[in-house]
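Listed below are the residues making up each chain.
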Amino acid sequence: MEWDAETDILVVGGGGGLVAALAARESGAHVALVEKHDRLGGNTALSSGSVPGAGSRFQRAAGVEDSPDRMVFDVMRQTNGTAPQHLVRALAQESGPLVEWMVDSLDVPLAFVPDLKKVGHSVPRTHGSGGRQGATVVAALEQKAQDNGILVSPGNPVRRLLQDTSGRIAGAVIENAGAEHRIGARKVILACNGFGANKEMLRKYIPEIAEAPYFGHRGNMGEGIAWGLELGARLRDMGAYQGHASVSHPQGALMTWSAIERGGFLVNLDGQRFVDESLGYSGCTTAVRSQREHIAFVIFDQRIHHYLEPKAQDYRDIVAHGGARQGADMEALGAARGLDGRSLADTLACYNSAAGGAATDGDTDLFGRKDFGGAPLCPPFILVKVTAGLFHTQGGLDVDANAQPLRNDGSAIENLYAVGGAAVGVSGADGNKGYCSANGLLAALGLGRIAGRHAGRML
Ligand SMILES: Cc1cc2nc3c(=O)[nH]c(=O)nc-3n(C[C@H](O)[C@H](O)[C@H](O)COP(=O)(O)OP(=O)(O)OC[C@H]3O[C@@H](n4cnc5c(N)ncnc54)[C@H](O)[C@@H]3O)c2cc1C
């Protein structure tokens with residue numbers, strides 16, 4: 001075939017794909033990464049930058065006992081046994097070494113977050129970056145990619161994949177300044193995420209969230225999944241997604257779920273609770289969507305505020321933009337924000353009583369919540385108006401434990417890999433319910449590392 005340029009390994013997508021490229025480069029291969037948009041980052045840069053690392057040395061240093069087996073158990077429990085077990089195991093095993101490699105070899109500033117268990121995890125397991133979180137991670141990866149001689153080309157969308165005469169993947173067509181160029185590649189890694197920005201695909205595969213606001217990256221149009229389908233790949237868990245039940249409204253900044261985990265709760269405009277908040281931020285998405293005007297309020301107290309403020313940039317942004325209202329009188333505070341204040345004060349009293357009794361009699365809550373963090377809450381209280389939406393789709397190309405897409409007959413498509421949102425995730429088959437905190441980035445970075453390593457080895 002005639003090529004305009006050639007490389008050993010072509011990575012499509014400059015979010016989590018940076019990790020795939022860096023892992024591939026360790027084999028000595030020539031690696032090129034193309035990104036549709038003018039800037040790298042994708043959802044990875046928009047994310048909170050939290051990555052689970054089961055059994056990492058940072059966990060051990062903090063005295064937390066953990067292991068890949070324990071993480072496999074947690075994820076399978078959260079997904080009612082429906083997540084692809086071979087991937088859950090591969091990613092759980094990869095997670096600790098991944099975090100250590102990112103810190104030691106890629107200079108990504110990740111640190112263990114010891115004081116939170118996070119949704120779906122039975123022990124504190126997430127490692128996060130300070131500052132602008134996901135953007136901090138991407139900036140460090142981009143720098144490393146440059147240092148390591150990876151050819152990084154933003155503003156170059158891939159339009160289609162190319163096969164050789166025997167049907168094997170042989171490269172891709174990219175578009176630049178209105179012209180098409182044929183790039184030859186011995187391996188292609190699809191790191192171009194899922195279909196969160198593609199309304200048509202959402203209506204087809206996840207109608208329950210299709211009309212909700214999407215808070216992820218606009219570039220994620222599901223092309224990787226479409227190319228895979230053309231090649232005869234099979235899909236898995238297409239109805240799975242990561243939603244979020246607390247995005248501040250109208251600011252659109254992430255209202256960290258830590259406020260709930262440390263003792264806060266959700267109410268609607270009628271000042272009433274409506275869900276067991278321990279379902280987690282993704283699990284509560286549809287419940288918030290079902291409320292009047294799709295609006296809810298996160299209620300917590302000043303102790304929680306003092307905990308969050310130094311830790312969460314997004315929360316500081318909400319405070320700076322007037323999105324966190326404070327007051328000692330719950331009824332007046334609620335009424336001032338358009339809620340039924342009297343009902344809200346009653347709800348607080350019930351909630352505090354359930355939280356107060358939970359330690360002695362575990363079954364105190366009308367909605368079934370058992371873990372109330374630091375509640376009962378005490379004045380002054382904080383109230384943040386939120387809405388719910390879609391962050392990331394979790395279904396995609398079914399892949400084996402090397403991240404290679406599978407055909408219907410179970411055979412792997414040669415020379416092709418799919419990672420992150422382009423591949424099936426580890427959130428199982430039950431819509432928004434199976435998502436464990438930080439498993440989106442794990443699928444992007446962990447599977448990216450697995451794919452890059454394997455592609456480099458198989459050249
Ligand atoms: C607000 C928010 C917070 C989140 N917080 C967390 C968190 O703390 N922890 C966690 O685990 N997960 C989190 N997630 C989910 C996480 O961000 C995603 O699961 C993860 O970033 C997906 O990585 P990816 O590499 O698959 O895709 P992305 O990072 O989105 O990268 C895909 C890239 O591919 C590009 N692309 C698409 N099509 C093409 C094409 N045809 N040609 C070339 N390039 C293309 C896109 O423009 C994009 O830049 C969060 C998501 C959001 C929206």
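Cut-offs applied
Each chain carries its own residue numbering, running from 1 in the written order of its sequence. With the structure being a predicted model, the display of local features is reserved for residues of pLDDT at least 70 and the display and counting of side-chain atom pairs for 80 or more, all residues being used for whole-chain, interface and lining totals. The side-chain quantities take in all heavy atoms of the structure and omit both hydrogens and water. Numbering of helices and strands runs from the N terminus, with a helix taken as a DSSP run of H or I at least four residues long and a strand as a DSSP run of E at least two residues long. The atom set for the radius of gyration is the C-alpha atoms, and the globule formula is 2.2 Å times the number of residues raised to the power 0.38. Buried residues are those whose accessible area, probed at 1.4 Å on protein chains only, stays under 20% of the maximum for their type, while exposed residues exceed 50% and partly exposed ones sit between those limits. What makes two residues a contact is simply this: any of their non-hydrogen atoms within 4.5 Å. The protein chains shown are the only cover counted for residues, whose accessible areas, like all others here, come from Shrake-Rupley with a 1.4 Å probe. Stacked, tilted and edge-to-face pairs are distinguished by plane angle, under 30 degrees for stacked and over 60 for edge-to-face with tilted covering the rest, among Phe, Tyr and Trp rings (Trp via its six-membered ring) whose centres lie within 6.5 Å. For a Lys NZ or an Arg CZ to count as sitting over a ring, it must be within 6 Å of the ring centre and within 35 degrees of the ring normal. Working definition of a nonpolar core: buried Ala, Val, Leu, Ile, Met, Phe, Trp, Tyr and Cys residues. They are joined through side-chain atoms within 4.5 Å. Note on geometry: axes are C-alpha line fits, over the in-contact stretch for helices, and angles between N-to-C directions span 0 to 180 degrees. Angles below 35 degrees are treated as roughly parallel, those above 145 as roughly antiparallel, those between 65 and 115 as roughly perpendicular, and all remaining angles as oblique. By convention the crossing between two helices is left-handed if the near helix lies anticlockwise of the far one by an angle smaller than a right angle, and right-handed if it lies clockwise. When residues are grouped by polarity, Ala, Val, Leu, Ile, Met, Phe, Trp, Tyr, Cys and Pro land in nonpolar, Asp, Glu, Lys and Arg in charged, and all others, Gly among them, in polar. For salt bridges, the criterion is a side-chain nitrogen of Lys or Arg within 4 Å of an Asp or Glu carboxyl oxygen. Two N or O atoms form a polar contact when they lie within 3.5 Å of each other; inside protein one atom must be a possible hydrogen donor and the other a possible acceptor, and for residues adjacent in sequence the pair counts only when both atoms belong to side chains. For two strands to be treated as a pair, DSSP must find no fewer than two bridges joining them. Boundary definitions for the domains trace back to an automatic or database domain assignment. Buried area is calculated as the accessible area (1.4 Å probe) missing from two parts once they are joined, with the contributions of both summed.

With respect to the overall build of the chain
Counting its regular elements, the chain contains 16 helices and 17 strands. The globule rule puts the C-alpha radius of gyration for 459 residues at 23 Å, and the 22 Å found for the chain is close to it. Its C-alpha atoms give the chain principal-axis dimensions of about 75 × 45 × 40 Å. The 459 residues of the chain split such that 59% are buried. Here the contacts in the chain between residues at least 6 apart in sequence split such that 74% fall between residues at least 24 apart. Total accessible area computed for the chain in this model is approximately 17300 Å², and 48% of it derives from carbon and sulfur atoms.

A look at the packing of aromatic side chains
Tallying each qualifying case throughout the model produces seven aromatic pairs. Considering the side-chain rings of Trp257 and Tyr281, the 6.3 Å spacing of their centres and the 75° angle between planes classify their relative orientation as edge-to-face. Residue Trp257 is located in the loop between β11 (241-248) and α9 (258-261), and its partner Tyr281 is located in helix α10 (residues 280-283); the two are separated by 24 residues in the primary sequence. When its relative accessible area of 4% is taken as the criterion, Trp257 is described as buried. One aromatic cluster in this structure is built from Trp257, Tyr281 and Tyr435. The ring centre of Trp3 lies 5.7 Å from the NZ or CZ of Arg182, which sits over that ring. For the cation-ring pair, Arg262 lies above Tyr307, with the distance from its terminal atom to the ring centre recorded as 3.6 Å.

Concerning the nonpolar core
Among soluble globular proteins, nonpolar side chains are generally buried collectively. Counting 78 residues, the largest nonpolar core has Met102, Leu161, Val188, Ile189, Leu190 and Leu447 as the members making the most contacts within it. Examining the composition of this core, we find that nine residues originate from one element, helix α5 (residues 85-104), more than from any other. Setting aside chain neighbours within four positions, we find Ile189 in contact with Ile9, Leu10, Val11, Val12, Ala20, Tyr417, Val419, Ala451, Gly452 and Ala455. Core analysis: the next-biggest nonpolar cluster, separate from the first, contains 49 residues, Ile304, Ala324, Ala354 and Tyr435 among them.

Observations regarding the packing of helix α4 (residues 68-78) against α5
Each pair of packed helices gets described by two things: the angle between the helix axes and the distance between those axes. Packing of α4 against α5 leaves a shortest axis separation of 9 Å and a crossing angle of 140°. The angle between α4 and α5 places the two elements in the oblique class. Here α4 and α5 pass one another in a crossing that is right-handed. When α4 is examined against α5, the residues Pro68, Asp69, Met71, Val72, Val75 and Met76 are found in contact with a partner set consisting of Gln85, Val88, Arg89, Ala92, Gln93 and Ser95. For the contact of α4 with α5, a count of residues per class yields seven nonpolar, three polar and two charged.

Here we look at helix α1 (residues 17-25)
The buried fraction of α1 is high, at eight of nine residues. Among all positions of α1, only Gly17, Leu18, Val19, Ala20, Ala21, Leu22, Ala23 and Ala24 are buried.

Thoughts on the packing of α1 against helix α6 (residues 134-147)
Taken N-terminus to C-terminus, the directions of α1 and α6 make an angle of 30°; their axes are 10 Å apart at the nearest point. Here α1 is positioned roughly parallel relative to α6, judged by the angle of their axes. Pair α1 / α6 crosses with left-handed handedness. On the side of α1, the interface is formed by Leu18, Val19 and Leu22, while α6 contributes Val138, Leu141, Glu142, Lys144 and Ala145. Within the contact of α1 with α6, the residues separate by chemical class into six nonpolar, no polar and two charged.

Some details on the pattern of salt bridges
Going through the model one piece at a time under the given rule, you end up with 23 salt bridges. The network of salt bridges with common partners includes Asp66, Asp74, Arg77 and Arg125.

Side note on the side chain of His127
By the secondary structure assignment, His127 is in strand β5 (residues 126-129). A relative accessible area of 0% places His127 in the buried class. Within the structure, His127 has its side chain in polar contact with the side chain of Ser56 (distance 2.8 Å). Within polar-contact distance, the side chain of His127 engages the backbone oxygen of Arg125 at 3.0 Å.

Considerations on the sheet that holds strand β4 (residues 110-112)
The sheet built from three strands is open, its strands ordered β3-β5-β4 with antiparallel pairing. The sheet is open, and its two borders are formed by β3 (51-52) and β4, each paired with just one other strand.

With respect to the environment of Gln93
Along the chain, Gln93 turns up in helix α5. A relative accessible area of 45% places Gln93 in the partly exposed class. Sequence spacing of Gln93 and Thr126 is 33 residues, and the spatial spacing of their C-alpha atoms is 14 Å.

Side note on the domain arrangement of the chain
If you check the domain split of the chain, you get domain 1 (5-239 + 395-457) and domain 2 (241-390). One C-alpha centre belongs to domain 1, the other to domain 2, and the line joining them spans 32 Å. Counting from both sides, the interface comprises 26 residues of domain 1 and, opposite them, 27 residues of domain 2. In this assembly, domain 1 packs against domain 2 so that about 2200 Å² is buried in total across both faces, 54% of it on carbon and sulfur atoms. The tally of links from domain 1 across to domain 2 stands at zero salt bridges. The interface formed by domain 1 and domain 2 contains nine residue pairs in polar contact (both at pLDDT 80 or more). Here the side of domain 1 that touches domain 2 is built from residues that sort into eleven nonpolar, nine polar and six charged.

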